[in-house]
Amino acid sequence: MAGTVTVPTARTVTTLADGRELIYYDSGAAVPRNAVDRRPLDPQAPASQCRLDPATGDWVTVAAHRQARTYRPPAEECPLCPSRDGRLSEIPADDYQVAVFENRFPSLAGAPADVSGVGLRTAGPGAGRCEVVCFTADHDASFADLDEPRARLVLDAWTDRTAELSALPGVRQVYCFENRGAEIGVTLAHPHGQIYAFPFTTPRTARMIAQATEHRAATGRNLFDDLVAAERTDGDRVVAAGEHWTAFVPFAARWPYEVHLYPHRRVPDLTALDEAQRAEFPRLYLDVLRRFDRLFGGGRTPYISAWHQTPAGQRGELALHLELFTIRRTADKLKYLAGVESGMDAFVNDVTPEDAARRLREVAR
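Attention in this report is confined to the structure presented alongside it. Just so it is clear, the structure is predicted and the values come from calculations on it, not from any experiment. (Residues numbered from 1 in each chain as written. Predicted model: local features only at pLDDT ≥ 70, side-chain atom pairs only at ≥ 80, totals over all residues. Heavy atoms only, no water.)

A word on the sheet that holds strand 7 (residues 121-125)
Part 1 of the argument: Strands sit in the order 4-3-7-6 across an open sheet of four strands; the sheet is antiparallel. The open sheet terminates on both sides in strands that have one partner only, identified here as strand 4 (59-62) and strand 6 (116-118). Strand-to-strand twist of the sheet, defined as the mean angle between neighbouring strand axes without regard to direction, takes the value 25 degrees.
Part 2 of the argument: Relative to strand 7, strand 6 runs antiparallel, the two sharing three bridges. Paired with Gly117 across the bridge in strand 7 is Thr122. (Pairing = 2+ DSSP bridges. Helix = DSSP H or I, 4+ residues; strand = E, 2+ residues; numbered from the N terminus. Axes fitted to C-alpha atoms, helices over the stretch in contact; angles between N-to-C directions.)

Shown next as structure tokens:
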């Protein structure tokens, strides 16, 4: 195993011209961050709404104002690059390591308010918070290009934001994720992710909690403890493993190439990881990301990377884990969610999980 990486993190908080919060994260000592946002921005007033689907019990967010969000600007107009040479962006500083700020076009924003309803029409304000996480100032890089200390710094930022957002009134779940690639629908090419602080528990999380509760009642054990132990014992779908984490293709993978990363010691969320788990994660995660990029002969594989965490204020059966998947099934074919998947949420996978794991092991370096 490679040497572990310990990165103390400095945190500098400031505000943008329209009052949104911006936080710089730096490895080691704090870096002076005195740059002021000089853009003439008006305060934002998003008007999202959360509506309950009476047929499924799922909440749907309606955020019509996002139609006006920035869409695939040229590199020289990227809003996530540092402000340089007279060009002003969302980041006033002329350089940064990791930066997090409130989204200018959020799906969720504001303080919670009462949910109201008449008959089958239940709705409430789209309360919560949406943030953008910039992994690096380098526009042409990607997460896989980061070194271990920088990946650890991003992990520290995710953890800090999870702790702070979970404590906000009305927040039920904090979700850290990354979309990469135009094929996924990314509108800004700069390497970045997002964090959503939801006013409800998301449908997928609710289903996992229900499954884990049922497993506990039937066996007396935790579902995710059993799942990780079974994959580590079987080994056919394990892609990479360390002392504290294992990355494997799930037995019933929905996507052609899908990898889940679990810590061996179950924790509910990012804030509960210990130092040994934090130190090992960057190496294993970067290894898996780089394998994804080598799957199809080089280039950057489009993917979604999603942290699953226990809802805020709970300490139940759900285990923290990261799910990474690509919509690419071959070098020149994408996995589209057509009638069966989109219409019925019944996935059909074009690649066996065992073959996917074998291919990902073959592209190791």
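After that view, the rundown keeps rolling.
Some words on the pattern of salt bridges
Part 1 of the argument: In total, this model carries 37 salt bridges according to the counting rule given.
Part 2 of the argument: With a closest N to O distance of 3.2 Å, Arg161 and Glu164 form a salt bridge. Of the two residues, Arg161 and Glu164 both sit in helix 1 (residues 148-166), three residues apart, roughly one turn of that helix.
Part 3 of the argument: For Glu164, a relative accessible area of 31% gives the class partly exposed.
Part 4 of the argument: If you follow the salt bridges from partner to partner, you end up with Arg11, Glu21, Glu102, Arg129, Glu131, Asp160, Arg161 and Glu164 in one network. (Salt bridge = Lys/Arg side-chain N within 4 Å of Asp/Glu carboxyl O. Buried < 20%, exposed > 50% of the residue type's maximum accessible area, 1.4 Å probe, protein only.)

Regarding helix 6 (residues 353-362)
Part 1 of the argument: Of the positions making up helix 6, those classed as buried are Pro353, Ala356, Ala357 and Leu360. On an axial view of helix 6, the arc spanned by its buried residues comes to 95 degrees, and they lie on one face.
Part 2 of the argument: Looking at the buried positions of helix 6, the neighbouring elements they touch are strand 11 (238-241), strand 13 (257-263) and helix 4 (275-294). (Arc of directions from axis to C-beta. Contact = heavy atoms within 4.5 Å.)

Structural notes on the sheet that holds strand 12 (residues 245-248)
Part 1 of the argument: With antiparallel pairing, the 11 strands of this open sheet are ordered in space as 1-2-5-8-10-9-14-15-13-12-11. Among the strands making up the open sheet, the edge pair consists of strand 1 (9-15) and strand 11. Geometrically, the sheet is characterised by an average inter-axis angle of 20 degrees between neighbouring strands, direction not taken into account.
Part 2 of the argument: Pairing geometry for strand 12 and strand 13, over four bridges, is antiparallel. Bridging across to strand 13, Thr246 finds its partner in Tyr262.
Part 3 of the argument: Where helix 1 meets the sheet, its contacts fall on strand 1, strand 2 (21-27), strand 5 (98-102), strand 8 (129-134), strand 9 (173-180), strand 10 (192-198) and strand 14 (303-308), and the angle it forms with strand 2 comes to roughly 140 degrees.

A look at the pairing of strand 15 (residues 321-326)
It is a general feature of regular strands that their side chains alternate between the two faces of the sheet.
Part 1 of the argument: Where burial is concerned, most of strand 15 is hidden: six out of the six residues are buried.
Part 2 of the argument: Burial along strand 15 is two-sided: His321, Glu323 and Phe325 facing one way and Leu322, Leu324 and Thr326 facing the other are all buried.
Part 3 of the argument: Pairing of strand 13 with strand 15, which is carried by five bridges, proceeds in the antiparallel orientation. Bridge pairing in strand 15 links Glu258 to Phe325.
Part 4 of the argument: Sheet analysis places strand 14 next to strand 15, joined by five bridges and oriented antiparallel. Bridge pairing links Ala306 to Glu323 in strand 15.

Don't take any of this as a statement about function, it's just geometry.
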